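# Structure at a glance
Residues per chain, in single letters:
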Amino acid sequence: VQLQASGGGLVQAGGSLRLSCAASESINAMGWYRQAPGKQRELVAAITSGGSTHYSDSVKGRFTISRDNAKNTIYLQMNSLKPEDTAAYYCAADHGSHWYDNGMDYWGKGTLVTVSS
């Protein structure tokens, strides 16, 4: 499975950005992880093919993940961005249903999101 991510960039605090990620085939779970310098990678948001979503507490109410199954594509709308959201964001995907515990199997290249104060 190949994942092609797009979006990201530089934005001021309080602004918005949208990330997109297209998978090369139909797949169950898709999501976004992020890793800031000196920090561990964390799951930001994920969505299954059935529409179930998961968000980290740090982005709830600000980020929205959505999915177009016909295009095997997910979107992450990021609003009210904060400087602490600055990180490399990675799209990931998994065929199975245990991705939350085991992590996802497929990864795309990171896209950098920088939020200036």
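Please refer to the structure placed before this passage.
Fair warning: this is a prediction, and the values are worked out from it, not measured in the lab.

## A word on the overall build of the protein
- If you tally the helices and strands in the protein, you get one helix and eleven strands.
- Written out in order from the N terminus, the α and β elements of the protein read β-β-β-β-β-β-β-β-β-α-β-β.
- Over its C-alpha trace the protein gives a radius of gyration of 13 Å, about what one expects of a compact globule, namely 13 Å for 117 residues.
- Each of the three principal axes of the protein carries a C-alpha extent, and together these read 40 × 25 × 25 Å.
- Across the 117 residues of the protein, 44% fall into the buried class.

## Observations regarding the pattern of salt bridges
- Inspection of the entire model under this criterion finds four salt bridges.
- A network of salt bridges, in which partner residues are shared, links Arg-34, Glu-42, Arg-62 and Asp-85.

## Remarks on the nonpolar core
- In this structure, Met-30, Trp-32, Leu-76, Met-78 and Tyr-89 are the most contacted members of the largest nonpolar core, which totals 28 residues.
- When sequence neighbours within four positions are dropped, the list of residues in contact with Leu-76 reads Leu-17, Arg-18, Leu-19, Trp-32, Val-44, Ala-45, Phe-63, Thr-64 and Ile-65.
- Residues Ala-29, Tyr-33, Trp-99 and Met-104 belong to the second largest nonpolar core, which totals seven residues.

## Describing the sheet that holds strand 7 (residues 63-68)
- With respect to topology, four strands assemble into an open sheet ordered 1-3-8-7, the strand pairing being antiparallel. The open sheet is flanked by strand 1 (3-6) and strand 7, the only strands paired with a single partner. Direction aside, the axes of adjacent strands within the sheet are offset by 15° on average.

## Overview of the state of the cysteines
- Enumeration according to the criterion identifies one disulfide in this entry.
- For Cys-21, the disulfide goes to Cys-91, at an S-S distance of 1.9 Å. Handedness of the Cys-21-Cys-91 disulfide follows from its S-S torsion of about -85°: it is left-handed. Of this pair, Cys-21 sits in strand 3 (residues 17-23) while Cys-91 sits in strand 9 (residues 87-94), placing them 70 residues apart in sequence. Assigned by exposure class, Cys-21 and Cys-91 land together as buried.

Calculation criteria
Residues numbered from 1 in each chain as written. Predicted model: local features only at pLDDT ≥ 70, side-chain atom pairs only at ≥ 80, totals over all residues. Heavy atoms only, no water. Helix = DSSP H or I, 4+ residues; strand = E, 2+ residues; numbered from the N terminus. Rg over C-alpha atoms; globule rule 2.2 N^0.38 Å. Buried < 20%, exposed > 50% of the residue type's maximum accessible area, 1.4 Å probe, protein only. Salt bridge = Lys/Arg side-chain N within 4 Å of Asp/Glu carboxyl O. Core = buried A, V, L, I, M, F, W, Y, C linked by side-chain atoms within 4.5 Å. Contact = heavy atoms within 4.5 Å. Pairing = 2+ DSSP bridges. Axes fitted to C-alpha atoms, helices over the stretch in contact; angles between N-to-C directions. Disulfide = S-S within 2.5 Å.

Such coordinate-based values are descriptive only and should not be taken to indicate function.
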